[in-house]
Amino acid sequence: MTKKVYIAISADILHHGHINLIKKASEYGTLTVGVLTDEAIATYKRLPVLNYEERTFIIRNIEGVDNVISQDTLDYTENLEKIKPDYVVHGDDWKSNDQSQIRSKVIETLEKWGGQLIEIPYTQGVSVDKLNDAVKDTSSMPEVRRAKLKQLLNLKPVVKVMEAHNGLSALVVENAKVVKNDKIESFDAMWLSSLTDSTAKGKPDIELVDMTSRLRTIDEIMEVTTKPIILDGDTGGEIEHFVFNVRTLERIGVSAVIIEDKIGLKKNSLFGTDVEQTQDTIEHFSLKISSGKKALTTDEFMIIARIESLILKQGMDDAIKRAKAYVNAGADGIMIHSREKEPDEIFEFCEKFREFAPDLPLVVVPTSFNKVYEDEFAQRGVNIVIYANHLIRSAYPAMMETAQTILENNRCYEVDEKCLSIKEILTLIPDE
Ligand code: SPV
Ligand code: MG
């Protein structure tokens, strides 16, 4: 009886290594190829350039492929249990890369019916790095980057966003990765926080760092990364200025701006009612949203309205009333903010919001209510979770400690082991 063979690929950048793999695999029997879905790819690397339908169309037409099915997760288990193949074939490179845990699970699953993993030598001479660089170049183009946030919102239960305030912190957001059992965790997008952009410049978070300066930070970050950007637009400023600014942001490839319904001298929300802050009227803020929407030329760029009612102790009814009004004014999403330690008021808002806006993106910034896991937010109807200030908050104490240790010792020997080595700092940023 012919044997059943299974391979899984994403097939976004198809090269001769894949054809070798398919050819070898098909020699063992009837070959089923599991093509990773867009959702599965988005969980562990950049969004695919070609969508699932396009990728399956290509694979179906490659000699040696008998069946094509979808693989919904990076983990093979579900498909293996369904097909019970005699062989799974894979390049031997995954023994040592970040898929080694997925490999172990494949071996374990196959053992249940006596299946076997066949590893073939990784095709030499494939410059995956070069191919990836080529994709990276196009994926940092404004129109490609701009569209990514909406694509991610369609693909992921919750979009994970981390703050960045300069090129280096943005590289951390771009590259940080953790392999966890059968999943690879990474951030989906960047939050250009007014608090951390201001703090990095040694300034208070009171809209003193103006749009010209914010645009320079955006440009610095865009130059070295590809992930989509959500800008903290503070109050959005005067309506007459906002309409110009959204067009600029849209043109340069930012994916979304979040503006908060405050007016006058804005202070950071985490001060709450400890400082004087004034909430805008529903009418004026709605006009700001609708004017901004009218100024846009694509439907990719999102204007997200941020409601400060809970921060300013105006109550849930006010928050919901405003959410309804801002949605009617054309907001592409709502951010609800709170500085309570417990998430109760956020959860209550989520429930009430979903009664009249079942699909509109909902954003939270869990700086205070920080015990909630992303999964729970997703179950409650949240689409975007923003870690708004954590890179700079962790960098500052580290820098202060280093400075003080040198002052205490009158030399720098004692701080050395907490620092990147000279070799590491010299090679951290490649020069091409
Ligand atoms: C920021 O990061 O600047 C924000 C979020 O606006 S918060 O600091 O929580 O107000
Ligand atoms: Mg801010």
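Being a predicted model, the structure only gives us computed values, none of them experimental.

Asker: Go over the overall build of the chain, please, and point to the residues and values.
Answerer: Along the chain, the regular secondary structure elements total 17 helices and 17 strands. For 432 residues, the compact-globule formula gives about 22 Å, and the C-alpha radius of gyration of the chain, at 25 Å, lands near that figure. Looking at the 432 residues of the chain, the share that counts as buried comes to 50%. Contacts spanning at least 24 positions in sequence make up 75% of the contacts within the chain whose residues lie at least 6 apart. When the 53 basic and 71 acidic side-chain charges of the chain are each reduced to a single mean position, those positions are 1 Å apart.

Asker: Lay out the site of ligand 1 with the relevant residues and their values.
Answerer: Close to ligand 1 lie Trp191, Ser193, Ser194, Leu195, Asp232, Asn268, Ser269, Leu270, Arg306, His337 and Ala388. The contact in question runs from an oxygen atom of ligand 1 to an N or O atom on the side chain of tryptophan 191, over 3.1 Å. For ligand 1, an oxygen atom lies 2.7 Å from a polar atom in the side chain of histidine 337. Protein burial of ligand 1: of its 280 Å² of free accessible surface, 99% is covered by the chains. Residues of the shell around ligand 1, tallied by class, amount to four nonpolar, five polar and two charged.

Asker: I'd like to hear about the sheet that holds strand β1 (residues 4-9), residue by residue, with values.
Answerer: If you trace the five strands from one edge of the open sheet to the other, you get β3-β2-β1-β4-β5, paired in parallel fashion. Only two strands of the sheet have a single neighbouring strand rather than two, namely β3 (67-71) and β5 (116-120). Within this sheet the neighbouring strands show an average axis-to-axis angle of 30°, counted without direction. Sheet topology places β1 next to strand β4 (residues 87-91); two bridges connect them, and they run parallel. Bridged to tyrosine 6 within β4 is valine 88. Sitting on the sheet, helix α1 (residues 16-26) is in contact with β1, β2 (30-36), β4 and β5, with an inclination near 165° to β1. Contacting β4 and β5, helix α5 (residues 100-111) runs over the sheet at an angle of about 140° to β5.

Asker: An account of the coordination of the magnesium ion (ligand 2) is needed here, citing residue identities and associated values.
Answerer: Around the magnesium ion (ligand 2), the protein contributes the donor atoms Ser194 (OG) and Asp232 (OD), which lie 2.1 to 2.2 Å from the metal centre. Note that serine 194 is positioned in helix α9 (residues 194-200) and aspartate 232 in strand β10 (residues 229-232), a separation of 38 residues in sequence. Take serine 194: its relative accessible area is 2%, and that puts it in the buried class.

Asker: Give me the nonpolar core: which residues, what numbers.
Answerer: In this structure, Val257, Tyr326, Ile336, Phe349 and Phe377 are the most contacted members of the largest nonpolar core, which totals 53 residues. The residues contacting phenylalanine 377, other than those within four sequence positions of it, are Ile346, Phe347, Val364, Pro366, Phe369, Val372, Val382 and Val385. Among the nonpolar cores identified, the runner-up in size contains 21 residues, and Leu149, Val159, Met302 and Val363 belong to it.

Asker: Tell me what's going on with the packing of helix α11 (residues 239-252) against helix α12 (residues 282-295), and back it up with residues and numbers.
Answerer: Between α11 and α12, the shortest axis-to-axis distance is 9 Å and the interhelical angle comes to 35°. Seen from above, α11 lies across α12 with right-handed handedness. In this structure, α11 uses Ile239, Phe242, Val243, Val246 and Arg247 to contact α12, whose residues at the interface are His284, Leu287, Lys288, Ser291, Gly292 and Ala295. Class assignment of the residues belonging to the contact of α11 with α12 gives a composition of six nonpolar, three polar and two charged.

Asker: Can you tell me about the sheet that holds β10, naming the residues and giving the values?
Answerer: Where strands meet in a sheet, backbone hydrogen bonds hold them as pairs that are either parallel or antiparallel. Ordered by their spatial adjacency, eight strands build a closed barrel running β6-β9-β10-β11-β14-β15-β16-β17, and the pairing between neighbours is parallel. Across the sheet, the mean angle from the axis of one strand to that of its neighbour is 25°, orientation sign disregarded. Of the pairings in the sheet, the one linking strand β14 (residues 302-307) to strand β15 (residues 333-336) comprises four bridges and is parallel in character. For isoleucine 304, the partnering residue across the bridge sits in β15 and is glycine 333. Seen against the sheet, helix α14 (residues 344-356) touches β14, β15 and β16 (362-364) and runs at an angle of roughly 175° to β16.

Asker: Residues and numbers for the pattern of salt bridges, please.
Answerer: According to the stated counting rule, one finds 29 salt bridges in the structure shown. Of the charged contacts, one joins lysine 180 and glutamate 185 as a salt bridge, the two residues approaching to 3.8 Å between their closest N and O atoms. Accessibility expressed as a relative area gives 19% for glutamate 185, which makes it buried. For the salt bridge of aspartate 274 with arginine 339, the shortest nitrogen-to-oxygen distance reads 3.2 Å. Taken together, the residues span a long stretch of sequence, with aspartate 274 in the loop between β12 (262-263) and β13 (278-279) and arginine 339 in the loop between β15 and α14 at a distance of 65 residues. By relative accessible area, which is 59% here, aspartate 274 ends up exposed.

The rules we used
- Counting starts from 1 at the beginning of each chain's written sequence and moves along it residue by residue.
- Chains carry letters and ligands carry numbers; both start at the beginning, A for chains and 1 for ligands, and go up in the order they are written.
- Owing to the predicted nature of the model, reporting of local features is limited to residues with pLDDT of at least 70; listing and counting of side-chain atom pairs is limited to 80 or more, with chain, interface and lining totals taken over all residues.
- Hydrogen atoms and water are omitted, and side-chain values are computed over all heavy atoms in the structure.
- Counting from the N terminus, the helices are DSSP H or I runs at least four residues long and the strands are E runs at least two residues long.
- Just to be clear, the radius of gyration here is over C-alpha atoms, and the globule rule we use is 2.2 Å times residues to the power 0.38.
- Relative accessibility thresholds used throughout: buried, under 20% of the residue-type maximum; exposed, over 50%; partly exposed, between the two (1.4 Å probe, protein chains only).
- The contact rule is simple, with two residues in contact once any of their heavy atoms fall within 4.5 Å.
- Only four residue types enter the tally: Lys and Arg on the positive side, Asp and Glu on the negative side, with His and both chain ends excluded.
- All charge positions are set by atom: Lys at NZ, Arg at CZ, Asp at CG, Glu at CD.
- By convention in this text, a residue qualifies as near a molecule or strand provided that one of its non-hydrogen atoms is within 4 Å of it.
- Counted as a polar contact is a pair of N or O atoms within 3.5 Å, where, for protein atoms, one must be capable of donating a hydrogen and the other of accepting one, and residues adjacent in sequence contribute only when both atoms are in side chains.
- Calculation of accessible area relied on Shrake-Rupley with a 1.4 Å probe; when residues are assessed, cover is drawn exclusively from the protein chains displayed.
- Residue polarity is assigned by list, with Asp, Glu, Lys and Arg as charged and Ala, Val, Leu, Ile, Met, Phe, Trp, Tyr, Cys and Pro as nonpolar; anything else, Gly included, falls into the polar class.
- DSSP bridges decide pairing: two strands pair if at least two such bridges lie between them.
- In this analysis, axes come from line fits to C-alpha atoms, helices being fitted only over the stretch in contact, and the angle between any two N-to-C directions falls in the range 0 to 180 degrees.
- The donor definition counts N, O and S atoms within 2.8 Å of each metal and applies 3.2 Å to Na, K and Ca; water is not among these atoms, so some sites may look incomplete.
- Buried Ala, Val, Leu, Ile, Met, Phe, Trp, Tyr and Cys residues form a nonpolar core when they are joined through side-chain atoms within 4.5 Å.
- If you view the pair so one helix is near and one far, a crossing is left-handed when the near helix is turned anticlockwise from the far one by less than a right angle, and right-handed when it is turned clockwise.
- Here, a salt bridge means any Lys or Arg side-chain nitrogen found within 4 Å of an Asp or Glu carboxyl oxygen.

That's the geometry; what it means functionally is another story.
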